[in-house]
Each structure stands twice: as C-alpha cells, then as structure tokens.
Amino acid sequence: MSADIYEPYFMRVEEITDEAPDIRTLRLVFQDEAEGRKFDFRAGQFGLFSVFGEGESTFCIASPPTQKGYIECSFQKAGRVTRALHDLEIGDTVGFRGPYGNWFPLDEMKGKNIILIGMGIGLAPVRCVIWNCLDLRDDFRDITIMVGSREVGLLVYKREIKQWEEMSGVKLVKTVDPGGETPDWDGEVGFVPTVVEQIALSPENAVVVMCGPPIAIKFTLAALDNLGFNAEQIYTTLENKMKCGLGKCGRCNVGNVYVCKDGPVFTAAQLRSLPQEF
Amino acid sequence: MTEFKLKEARLGELVNALKGEGYRVVAPVEEEGAFVFKEVNDPGEIRLDVLRTARSIKELFFPRVEPTLSYEFEGGSVTCRSEIPESARKTAIIGCRPCDAASLTMLDKLFDWDYRDEYWFKRREATTVISVACDAPDSYCFCTSVGGSPEGTMGSDLLMKKTSDGYYLLEAVTEKGRSVLETAKDVLEPATGDEEVQVGDVPRQFDLEHVKPWLDKNFEHDYWDEISYKCLSCGVCAFVCPTCHCFDIQDEADLERGVRLKSWDSCCLPIFTLHASGHNPRATRGARYRQRVMHKFAYYVDKFGMTACVGCGRCSVSCPIDMNICTVVAGAAGQAEAST
C-alpha cells in the first residue's frame, strides 16, 4: 500500500449470493494478484468497502482467514452505499481498505468448547469464526452453532447452515422468533435467549462468540449469565458507525474506546464497563 | 532564546525576506468583514493586532474539504489516483496566537496514532509557525485554565512578543524558527535584554485537575441535559475549533469522474452517529454535548495524555445561543470541588 492511509485496494466481484430479501454476499478478489497473496487478516476484523461514486461502508470480513484468495462481505440494502453494492454485477470493481481492528482470540479458544451464536445479519462475523474453527477442527473440542432470525425467510447463509447441520462434530441449533416460522420449519421457535436457556448450554471450559442486534445481545447475555457463564468468556462485537477505520474520524468512540481500533471485538465484561452509548 | 527583535514597521520586510526564500506567507487578513488566515500578497494587509480570527489555523493543515482520491469511469472500468501531494508548499504562518499553535501539537498525536495521516504531516513538515503572544486577551480567552499561556510556545517555531517601544522580540523555539531568523537577519536587530514585553493577563477560570475526575464519574448526570437544553445542534463550535478533528468521508461523482472527500464533521449533529437502521447511540442533544466535552477533557487525555482544548474561546464567541464551554467545564470542576 502507498503512504496514503485512505487509498483502497481494487477488488473485483467474483460471486454474488442472495442470502435473503435485500441481503447479499459478495465474494471479492484482489485485482492485483500479488497484493491478494500478501493480504492476511484475523477473524473478527473489518474493512471499508466502497463503490466509486457512492462512498464507503463498514462491514466485517465474513469469510474466514483460513480460506485464501478472496474475501466476502454480507450486507443489507439500507443506505446509499449498500444500495450501490447491491446493484453491482460480477466483474465490477469494489474498493477495499483494511483489515482494521482487533479479532477474536482464536489462539486462546484452542482446546475449549466453542459456542457460536449469530443473530440476524450478526451471523456474518460469526460465520467467519465458524469456518475458521471448522477449518482447524482438531484444535477445538465441542462446537455448538446457534443461529437466530426474526423469520425463516430472513435467515442468512441458508446453504451453509444446512452444511453445518450435516457435519459430524458440530451441534447446530436454529431458531426463529415466534410467528416467524413456516409450515416446513424444522428448527426451534423462540427468541434466542429463551432457547439458550432451554438447551442449557454449559459454561464448562467454554468460549462464546456472539453477534447480533444490541437488544438481542443484551437479553442473551442475561440468559448466559443465568446459566453460569462469566462475562470474560463471552466475546461480541460493537457495530458503531465508522468512516475512517483508522482511529481518526472520531465517530465510533464509546467512552474512551475507539471501536475501530480497540474493537470491534469486546468481551461482555468490557462492554459492561463502557458507557452505554452503542 | 531571545536574541533578536524586529521593528513593527519592518514586518513587511520580514515577509518579503521569507517570500524571497520561497515561503508562501499566510497571515490574518480582513475578508468580507471577518478576519481569516490567507496567503498574503501585500504585507500591508497583515493584521497582527487581531486577537481571534474567525476560524483557526487548523484548516491550513486539515482543510474543510479535501479530496483523498480521484477516479474516472471509462467503458465500465475505473481508474483511480490517490490525491496525496508529493510534497506540500513551503509555508510560513505569521501571526497566529499561541493557542492555535498549541492545537497543532495536540492534533499531531491523533494524526500519527498508529496510522500516520500524511495529508496532515506533509503540510506540518512544510510549515513554519510564527505566533504572536497576546497583548490584549479578552474575556472569552481561557488558555491558562487548560494549561496554556498567552505567551506559550507549544506548537510554535518562533514566538513574537510585542514590546512597549514598537518592536517584537523574537524567540526561536525550533530549528525551523531559527532558520526564519537566519533568513530575516538583515531586517532584525539584536535584542538588548531590557525590553519591556506586553503580554496580557488571562485569569484562570477553573482548576483542570478537578475536571477529568468529575467527568470520569459522571457520564450519567442531569448536568448534561441541563446545560445542553438550549443547544441548537448547529455544529458551529466544531467548525471554528482548532482541535475538533472529526471528519466525514463521502464520494461526489458524475457519470465520468468523481472524488472521495474528507470533510469536517461535528459530533453535535444528530446524523453523526446515526446508523442506517435508524438506531442512534447519541440521539439527544445532552448526549452529544456531553460527547464534545468528554472527548476534549477526558477521552483525549486517556488516549494522548493531553486535553484537546486550547482555550481560544472561538466556540463560545461563535455560538448562536451563547453556550460557553469554559462555563460548562468550570461548572463541572465546581461540582467536583463542592463534593470534595
């Protein structure tokens, strides 16, 4: 990269997957293959994805670092940039700056029971960890994946959920909010916190990685607390609005913490010590 | 060290000597009824007597809007170029106040933190800051309350102090300042040491030591809603502030070409933290004004070891509803003192 910290890499859209209405995943490859080979990141890190002429938007890298040669991002059409990203076709150009921020402590998670909870579009950062763990399966003990969605149609990564379901050595629990089920739904019906308590996840030698809407995080934390999990063994991410990703533009701070630099990954204990401004 | 002095009437000659050395000279001049920093063509325009320009010297290093990227669309493909300058123009700023100069040292920390912003540093490296000590500060000034001084040297390369007999004493602070003295040596006279300098008094308004401990403990406090009740969320305080540095990044383009722009922003504006989902972590004026005060007096101290306020008073002067940050912070410090 040049000395210009705001200059993006040039990426090419290689694959587009429709996940749910208005939610898409783009697979991107580096236009400069040498840069692509040099590029490395850790699960949990994020980047600024841009459409030239429309602007930049912040997403986590949703593909795992164990799968080389491309990165993926999943996003919901919501504003100017996500609308433009949604309109891209295979072969189109995307700008990318990153990787930024900290990551999930995969090294410390080795030898432990791993519980991965993704709620709504929050499954994107968790998916990165899921594949990262599955690609290094022998490093971990039990792997439990839990996915939650408002309704069946809004579940993202449906194909992959099926794959995880069929894998040996993975326990998959999927749930939709009451009223969100369809006649052929074969998963649970209930809010994630309720289901978490029902299936009685065990805190024993466990690490939890959990992402989702703030309200879902809040109640799921309470459920985990009831089950005896302590706040140090639960990791989540903050998703504050960002512009630079470099600790300069002053937008993403929560108290004296810059989410782009000190985060986006925090333990539940760290979240509790922050001002409630996220 | 003060070895030289400049006769006030010979300021123009100093300016011309600098220009002769290839400096672009920027100084306070009057423009449409306001005082602003601009490139000086005629040294006669320079107004070293102006206490407070409308905006600070921040914009000479960090412009209100600047492109970081330009690109062109052609036949379905994009070509793009970083707008980072090879080098910035050699510049001398004459006549900023010590508070403005101090803001540069504060912002150096931010722009060098981990990722180095060369847009800022290329201009910093190419610029010599010649400040003028304040002989007549006014009631909005509170530099002494935030660790500064009307004759402070932080951030300055050369400090000029007015004397009672029509001179400026010149104190070189850095190597850059010394090379200005060298450039202008034919215009300068040796200082005698018995000059009487005219430096005004800025009374202390609050004890900075009490501020951060109170802020650290009172994120949740009625004080924030009370003081911000009249705030209009217009953001002018951030735009005139020498240390406010929050910015936005936006694209502007037509069908053929476009630019990616970095432009000033303000935490007082409701859309600053608004998510696309509609969720806003700082949805109230109280939360936003608290952010402004916390960022300057608590978070910046945690991150960089200094307060991000230089006490220039611009935000208070410019505020349409007369919000005064000095009063707000003094109020916080006062509550801290009252409770001890």
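Residues numbered from 1 in each chain as written. Chains lettered and ligands numbered in written order. Predicted model: local features only at pLDDT ≥ 70, side-chain atom pairs only at ≥ 80, totals over all residues.

## A word on the overall build of chain B
For chain B, the helix and strand inventory stands at 10 helices and 12 strands. Taken over C-alpha atoms, the radius of gyration comes to 22 Å for chain B, in line with the 20 Å a tight globule of 340 residues would show. Counting only C-alpha atoms and orienting by the principal axes, one finds that chain B spans roughly 70 × 65 × 40 Å. For chain B, buried positions account for 45% of its 340 residues. Summarising the internal contacts of chain B: among those between residues at least 6 apart in sequence, 72% fall at separations of at least 24. (Helix = DSSP H or I, 4+ residues; strand = E, 2+ residues; numbered from the N terminus. Rg over C-alpha atoms; globule rule 2.2 N^0.38 Å. Buried ≥ 20, exposed ≤ 12 C-beta atoms within 10 Å, placed from the backbone. Contact = placed C-beta atoms within 7 Å.)

## A short note on the overall build of chain A
The helix and strand inventory of chain A stands at nine helices and 15 strands. Referenced to the eigenvectors of the C-alpha coordinate spread, the extents of chain A come out at roughly 50 × 45 × 35 Å. The 278 residues of chain A split such that 49% are buried. Across chain A, the fraction of contacts at a sequence separation of at least 24, relative to all contacts at a separation of at least 6, is 69%.

## Here's the deal with the pairing of strand β3 (residues 34–39) of chain B
Two strands pair when backbone bridges link them, and strand β2 (residues 24–31) of chain B and β3 of chain B are joined in this way by six bridges, in the antiparallel orientation. Note on β3 of chain B: the bridge partner recorded for Glu-31 of chain B is Ala-34 of chain B. (Pairing = 2+ DSSP bridges.)

## Focus: the environment of Thr-127 of chain B
Residues and elements named next belong to chain B. When you line up the elements, Thr-127 lands in strand β7 (residues 127–132). A tally of 22 C-beta atoms within 10 Å means that Thr-127 is categorised as buried. Sequence spacing of Thr-127 and Leu-51 is 76 residues, and the spatial spacing of their C-alpha atoms is 21 Å. Filtering out sequence-adjacent residues up to four positions away, Thr-127 remains in contact with Leu-60, Thr-91 and Ile-93.

## A short note on the sheet that holds strand β5 (residues 77–82) of chain B
Residues and elements named next belong to chain B. A sheet is described by the order of its strands in space; here four strands give the open sequence β5-β4-β12-β11, paired in antiparallel fashion. The open sheet terminates on both sides in strands that have one partner only, identified here as β5 and β11 (247–253). Taken pair by pair, the neighbouring strands of this sheet meet at an average axis angle of 20 degrees, ignoring direction. The pairing of strand β4 (residues 65–74) with β5 spans six bridges and is antiparallel. Residue pairing for β5: Phe-73 is matched across the bridge by Val-78. (Axes fitted to C-alpha atoms, helices over the stretch in contact; angles between N-to-C directions.)

## Observations regarding the pairing of strand β8 (residues 143–149) of chain A
All names here are of chain A. Counting buried positions over the seven residues of β8 gives five, a clear majority of the element. In terms of strand pairing, strand β7 (residues 113–119) meets β8 through six bridges, oriented parallel. What sits directly across from Leu-116, in β8, is Ile-145. Handedness of the crossover joining β7 and β8 through helix α4 (residues 123–135): right-handed. Note that β8 and strand β9 (residues 170–176) share seven bridges and pair parallel. Residue pairing across strands places Gly-148 opposite Thr-175, the latter belonging to β9. (Right-handed = clockwise from strand over helix to strand, strands pointing away.)

## Regarding the interface of chain A and chain B
Across the contact, 32 residues belong to chain A and 41 residues belong to chain B. Partitioning the side of chain A that touches chain B into residue classes produces 10 nonpolar, 12 polar and 10 charged. (Nonpolar A, V, L, I, M, F, W, Y, C, P; charged D, E, K, R; others polar.)

## A closer look at the sheet that holds strand β6 (residues 91–96) of chain B
Residues and elements named next belong to chain B. Across the sheet, which stays open at both edges, the eight strands sit in the order β3-β2-β6-β7-β8-β9-β1-β10 with mixed pairing between neighbours. Looking at the sheet topology across the chains shown, the edges are occupied by β3 and β10 (189–190). Where β6 meets β7, five bridges bridge the pair, whose relative direction is parallel. The residue bridging Ala-92 from the neighbouring strand is Thr-128, located in β7.

## What to know about unusual backbone geometry
Note: most peptide bonds trans; most residues except glycine with negative phi. Residue and element names in this part refer to chain A. Cis geometry marks the peptide bond from Gly-98 to Pro-99, where omega comes out at 0 degrees. With respect to the secondary-structure elements, Pro-99 resides in strand β6 (residues 93–100). Of note, Asn-205 is a non-glycine position whose phi angle comes to about 50 degrees, a positive value. By the secondary structure assignment, Asn-205 is in the loop between α6 (192–198) and β11 (206–211).

## Considering the packing of helix α5 (residues 208–217) of chain B against helix α10 (residues 325–339) of chain B
Residues and elements named next belong to chain B. With their axes 8 Å apart at the nearest point, α5 and α10 run at an angle of 80 degrees to one another. In terms of axis orientation, α5 runs roughly perpendicular to α10. Touching His-210, Val-211, Pro-213, Trp-214 and Leu-215 of α5 are Val-329, Ala-332, Ala-333, Gln-335, Ala-336 and Glu-337, all from α10. By residue class, the composition of the contact of α5 with α10 is eight nonpolar, two polar and one charged. (Parallel < 35°, antiparallel > 145°, perpendicular 65-115°, else oblique.)

## Brief notes about the domain arrangement of chain B
Residues and elements named next belong to chain B. You can read the domains of chain B as domain 1 (2–190) and domain 2 (208–339). Counting from both sides, the interface comprises 32 residues of domain 1 and, opposite them, 28 residues of domain 2. For the side of domain 1 that touches domain 2, the secondary structure elements donating two or more residues are β4 and α2 (98–111). For the side of domain 1 that touches domain 2, the element with the most residues is β4, which contributes nine residues. (Domains from an automatic or database assignment.)

## Here we look at the environment of Gln-198 of chain B
All names here are of chain B. With respect to the helices and strands, the residue Gln-198 is situated in the loop between β10 and α5. By the C-beta count within 10 Å, which is 13 here, Gln-198 ends up partly exposed. With 34 residues separating them in the primary sequence, Gln-198 and Ser-164 have C-alpha atoms 6.4 Å apart. Leaving out residues up to four positions away in the same chain, Gln-198 has contacts with Asp-135, Lys-162, Thr-163 and Ser-164.

## Details of α4 of chain A
A rise of 1.5 Å per residue sets the reference length of α4 of chain A, with its 13 residues, at 18 Å; its end C-alpha atoms lie 18 Å apart and thus fit the reference within 8%. Along α4 of chain A, the residues that are buried comprise Leu-123, Ala-124, Pro-125, Val-126, Arg-127, Cys-128, Val-129, Ile-130, Asn-132 and Cys-133 of chain A. (Expected span 1.5 Å × (residues − 1).)

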